[in-house]
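Below, each chain spelled out in residue letters.
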Amino acid sequence: MSKTYKLILCHTFLSLVSTLLLFPVSAKVPAVIVFGDSSVDTGNNNGIKTLLKSDFSPYGRDFEGGRPTGRFCNGRVPSDFFSEYFGLKKTVPAYLDPNYGISDFATGVVFASAGTGYDNTTAAVLVNLWLGYTF
């Protein structure tokens, strides 16, 4: 991913967040449906065979209860904040989390998985790592 593209993406994201914070939402948002990579993965990788996991310390140290959830951060991910802003749940559950069911997904669900991305190099590196790793 080029440096220019990263700057444009960052600027777009910050503009969106600024707009949401400055102008109250008058429309009703029924659900937050999330697709993406590790920046919004809320634990989908916990249930699949992959090298990319974050279900251990120090991940989650600032999350409710100080426990790792599979989020690639120490607290909530951006989609959690958007969900709360729109008056929905404080956190958006991962689709593969066994603690949640279809009724929990009515107000939002995350299909994101760490390791996915726009850059083909990401996949090439992970395949090389995976081939040298035994489960």
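Computed from a predicted structure; not experimentally measured.

Cut-off values and rules
Residues numbered from 1 in each chain as written. Predicted model: local features only at pLDDT ≥ 70, side-chain atom pairs only at ≥ 80, totals over all residues. Heavy atoms only, no water. Helix = DSSP H or I, 4+ residues; strand = E, 2+ residues; numbered from the N terminus. Buried < 20%, exposed > 50% of the residue type's maximum accessible area, 1.4 Å probe, protein only. Contact = heavy atoms within 4.5 Å. Phe/Tyr/Trp six-rings, centres within 6.5 Å; stacked < 30°, edge-to-face > 60°. Core = buried A, V, L, I, M, F, W, Y, C linked by side-chain atoms within 4.5 Å. Arc of directions from axis to C-beta. Salt bridge = Lys/Arg side-chain N within 4 Å of Asp/Glu carboxyl O. Patch = residues over 30% accessible without salt bridge, like charges linked within 9 Å, V, L, I, M, F, W, Y side chains within 5 Å. Areas by Shrake-Rupley, 256 points an atom, 1.4 Å probe, with all protein chains shown as cover.

1. Digging into the overall build of the protein
And then number 1: Scanning the protein from N- to C-terminus turns up 3 helices and 2 strands.
And then number 2: Within the protein, the proportion of its 135 residues that are buried is 27%.
And then number 3: Taking the intrachain contacts of the protein between residues at least 6 apart in sequence as the baseline, contacts between residues at least 24 apart amount to 58%.

2. Some details on the packing of aromatic side chains
And then number 1: Applying the stated criterion across every chain, the model contains 6 aromatic pairs.
And then number 2: Ring centres of Tyr59 and Phe72 lie 5.9 Å apart, and the angle between their planes is 65°; on these two criteria the pair is classed as edge-to-face. Taken together, the residues Tyr59 in the loop between β1 (32-34) and α2 (78-85) and Phe72 in the loop between β1 and α2 connect sequence positions 13 residues apart.
And then number 3: On the basis of relative accessibility, which here comes to 26%, the residue Tyr59 falls in the partly exposed class.
And then number 4: Through pairs of rings, three or more aromatic residues link up here, namely Phe35, Tyr95, Phe105 and Phe111.

3. Topic: the nonpolar core
And then number 1: Counting 7 residues, the largest nonpolar core consists of Val32, Val34, Val40, Leu88, Val92, Val110 and Ala112.
And then number 2: Residue contacts for Val32: discarding those within four places in its chain leaves Ser83, Phe86, Leu88, Val92, Thr107, Gly108 and Val109.

4. Here we look at α2
And then number 1: Listing the buried residues of α2 in full gives Ser79, Asp80, Phe82 and Ser83. Buried residues of α2, viewed axially, fall in a sector of 165°; they line one side.
And then number 2: Once α2 finishes, Gly87 follows within two positions and takes phi at roughly 85°, a positive value.

5. With respect to the pattern of salt bridges
And then number 1: Applying the stated criterion across every chain yields a total of 3 salt bridges.
And then number 2: Taking the shortest distance from any N to any O, the salt bridge between Arg71 and Asp80 comes out at 2.9 Å.
And then number 3: The class for Asp80 is buried, based on a relative accessible area of 0%.
And then number 4: Notably, a salt bridge pairs Glu84 with Arg76, separated by 2.9 Å at the nearest N-O pair.

6. Some remarks on a nonpolar patch on the surface
And then number 1: Among the surface-exposed residues, Ile33, Phe35, Ile48, Tyr95, Leu96 and Phe111 lie close enough to one another that they form a single nonpolar patch of about 600 Å² accessible area.
And then number 2: Following the sequence through the fold, Tyr95 ends up in the loop between α2 and β2 (108-110).
And then number 3: Given a relative accessible area of 45%, Tyr95 falls into the partly exposed group.

7. Details of the side chain of Thr91
And then number 1: Summarising the element assignment, Thr91 is placed in the loop between α2 and β2.
And then number 2: Not counting the four nearest positions on each side in its chain, Thr91 is found in contact with Phe63, Arg71, Arg76 and Asp80.

8. Here we look at unusual backbone geometry
And then number 1: The omega angle of the peptide bond from Ser57 to Pro58 is 10°, so this bond is cis rather than trans.
And then number 2: Positionally, Pro58 belongs in the loop between β1 and α2.

9. Points about the environment of Arg67
And then number 1: Relative to the assigned elements, Arg67 resides in the loop between β1 and α2.
And then number 2: In this structure Arg67 comes out as partly exposed when scored by relative accessible area, which is 45%.
And then number 3: Note: C-alpha distance between Arg67 and Ser57 (10 residues apart in sequence) is 7.7 Å.
And then number 4: Non-local contacts of Arg67, meaning those with residues more than four positions away in its chain, are made with Tyr59 and Gly60.

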